[in-house]
Amino acid sequence: MKIIIFIVFCSEAVLVGAQSLTFAENTTFSLGASASFTAKGEINFVGALQNNGTIISNSDLNFFDNKTVGNLKFVGLTDQFITGDTLFVTDMKVDKTGNIEMETDRIFVSGNLDVTSGVVHTDDIDDLIVTGWCSEDGTGYVEGKLVGLSAGDPVAFPMGVNGFKNYITFSDTKPGVRIIVDCLAPDSATLLPTEDMVGIVDEVEWQVRTVADSTLATMTVNFSGLDFINFSNGQPIRANAFIPALVVLQKGNPVYQILESAEATPENMGSTETSGRIVSTSSVLIDTSITRVNVAWLPVVDGPEFFVPNVFSPNGFYEENRLFRPFFAGGEVTSVSIAIYNAYNDDVYRYSKSGIDLDLSSIGWDGKLRGGRPAEEGVYYYDIQLIADEKAWRKTSSMLLINK
């Protein structure tokens, strides 16, 4: 006859010493809603687990065949391992020094994920899935990949890399969309700034996509550990002041796009270990293809600025990148003239117009020849002249047309 042993704790706190504990196959471990169970040694739940309270662990947790494991809290000074198959956790709190290593198939957190301190390491996209919400108040972080479920409200991802927290939050999302964030240090060779950027940081990058659906979102990042002095692919730009900005690179676009921000507040700017916060006001479409999110260093314009991009894509994702056109800020444009030539000095596009406060957003070359045929991909040359506030502006250079 098989004998089943029930171990039931209903009190507010139960403290177990430093020894390792194994609850054998013929035991059922039951923890009441108002109880917590603390162990400083390794815990092996071979038998059935019924946790309605909180398991507090200072060492490794092995769940074996148990699936629903209740509230978990990780504390202590040493690295810890979680072992098991697919685990369903209610609330998961990490408040420790050191790392949490996951040797599970996946962990679903239906309540709150709170990484107060410490680092949770994930490798695969479904290692850690949060269908509840994540705290934004911790100093710890998830390094690797994290899946979160949008619910219409802001969805926080407590991410970080190489010793620094770099949280990212998505707002104004469509409910029910699963968003995947992979936080990593990018390849600096791929971080090519445009003419209006000093450079793009190479300490952190968020690669964002959805599991299936798509959603528009605005983004907020709380960054730290970024170097705004040394850039692998930086370029000298003189200005009186500079600010950080979010930039995104998406499929079908050859260059990074700058997101408009309502708030960009770097701190400790004399240090190479800079922290701050950026709140974007422009929305980004997130779908199953990867969107790369980075932080760039921009000059603050305190006067008129005339800018012409060096790359454009008529079939690009962003509508504003489908026309090759001039950009002007800080004055009223009353005349514009655009001439574009191919490598053989043949005219491929000409435009000229004068008037009161011309709208440059609708003026430019769409990448088609006069007969309507798409122009070949390659290098073209331009001569663009503007008159703004009775002052003449002119740029002549080359640009790259990409058909994607």
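Keep in mind that what you see is a predicted model, and the values were worked out from it rather than measured. (Residues numbered from 1 in each chain as written. Predicted model: local features only at pLDDT ≥ 70, side-chain atom pairs only at ≥ 80, totals over all residues. Heavy atoms only, no water.)

J.: Got a minute to help me understand unusual backbone geometry in this structure?
T.: Note on backbone geometry: most residues besides glycine have negative phi, and most peptide bonds are trans. The phi dihedral of Asp 172 falls on the positive side, at around 60°, and the residue is not glycine. Secondary-structure assignment places Asp 172 in the loop between strand 21 (167–171) and strand 22 (178–184). In this structure, Asn 345 is a non-glycine residue whose phi angle is positive, near 65°. Relative to the helices and strands, Asn 345 is located in the loop between strand 35 (333–341) and strand 36 (347–354). (Helix = DSSP H or I, 4+ residues; strand = E, 2+ residues; numbered from the N terminus.)

J.: Honestly, a nonpolar patch on the surface in this entry has me stumped. Any pointers?
T.: Together, Val 379, Tyr 381 and Leu 400 make up an exposed nonpolar region whose accessible area comes to about 230 Å². Checked against the element boundaries, Leu 400 lands in strand 38 (residues 391–401). (Patch = residues over 30% accessible without salt bridge, like charges linked within 9 Å, V, L, I, M, F, W, Y side chains within 5 Å. Areas by Shrake-Rupley, 256 points an atom, 1.4 Å probe, with all protein chains shown as cover. Salt bridge = Lys/Arg side-chain N within 4 Å of Asp/Glu carboxyl O.)

J.: Can you help me understand the layout of surface pockets in this one?
T.: If you roll a probe as big as a water molecule over the atoms, it shows you where there is empty space left. There is about 1000 Å³ of room inside the largest pocket. Around the largest pocket sit 35 residues that line it, and Asp 196, Gln 257, Ile 258, Phe 307 and Phe 327 are the ones nearest its centre. Of all the secondary structure elements, the ones that give two or more residues to the lining of the largest pocket are strand 26 (242–249), strand 27 (257–258), strand 28 (261–267), strand 31 (291–299), strand 32 (305–307) and strand 34 (327–329). If you tally residues by element for the lining of the largest pocket, the top one is strand 28, at four residues. (1 Å grid on protein atoms, 1.4 Å probe; cavity = no way out; pocket = protein on both sides within 12 Å on 5 of 7 lines; lining within 4 Å. Points joined across faces, edges and corners; volume = space filled by probe spheres on them.)

J.: Hey, could you run me through the sheet that holds strand 36 in this one?
T.: In any sheet, the strands associate via hydrogen bonds between backbone groups, in a parallel or an antiparallel arrangement. Spatially, five strands are ordered 33-38-37-35-36 in an open sheet, and the strand pairing comes out mixed. Each edge of the open sheet carries a strand with a single partner, namely strand 33 (311–312) and strand 36. Inspection of the sheet shows strand 33 paired to strand 38 by two bridges, in the parallel sense. From the neighbouring strand, Val 311 faces strand 38, where its bridge partner is Leu 400. (Pairing = 2+ DSSP bridges.)

J.: Could you clarify how one ought to interpret the pairing of strand 7 (residues 48–51) in this entry?
T.: Note on strand geometry: in a regular strand, side chains alternate between the two faces of the sheet. The alternating pattern of strand 7 places Leu 49 and Asn 51 on a buried face and Ala 48 and Gln 50 on a face that is not buried. Pairing of strand 4 (residues 27–31) with strand 7 involves four bridges; the strand directions are parallel. Within strand 7, the residue paired with Phe 29 across the bridge is Leu 49. (Buried < 20%, exposed > 50% of the residue type's maximum accessible area, 1.4 Å probe, protein only.)

J.: For this particular structure, what's the right way to read a negative patch on the surface?
T.: Together, Glu 332, Asp 357, Asp 359, Asp 389 and Glu 390 line one region of the surface with negative charge. Tracing the backbone shows Asp 357 in the loop between strand 36 and strand 37 (378–388). Assessed through its relative accessible area of 49%, Asp 357 is described here as partly exposed. (Lys, Arg positive; Asp, Glu negative; His and termini not counted. Charge placed at Lys NZ, Arg CZ, Asp CG, Glu CD.)

J.: Help me understand the pairing of strand 25 (residues 215–226), please; the structure alone is not making it clear to me.
T.: Counting buried positions over the twelve residues of strand 25 gives ten, a clear majority of the element. Looking at chain direction, strand 21 and strand 25 are connected through five bridges and run antiparallel. Bridging across to strand 25, Ile 168 finds its partner in Val 221. Sheet topology places strand 25 next to strand 29 (residues 274–280); five bridges connect them, and they run antiparallel. Paired with Asn 222 across the strands is Arg 277, a residue of strand 29.

J.: Explanation requested: the nonpolar core in the structure shown.
T.: One broad trend across soluble globular proteins is that nonpolar side chains are buried collectively. Of all hydrophobic cores here, the largest spans 65 residues; its most connected members are Leu 113, Ile 168, Phe 170 and Trp 206. The greatest single-element share of this core, amounting to six residues, is contributed by strand 12 (residues 86–103). Dropping the residues within four chain positions of it, Ile 168 is found in contact with Val 155, Ala 156, Phe 157, Met 159, Val 181, Trp 206, Met 219, Thr 220, Val 221 and Val 293. Formed by 24 residues, the second largest nonpolar core is a distinct cluster that contains Phe 328, Ile 338, Ile 340 and Tyr 349. (Core = buried A, V, L, I, M, F, W, Y, C linked by side-chain atoms within 4.5 Å. Contact = heavy atoms within 4.5 Å.)

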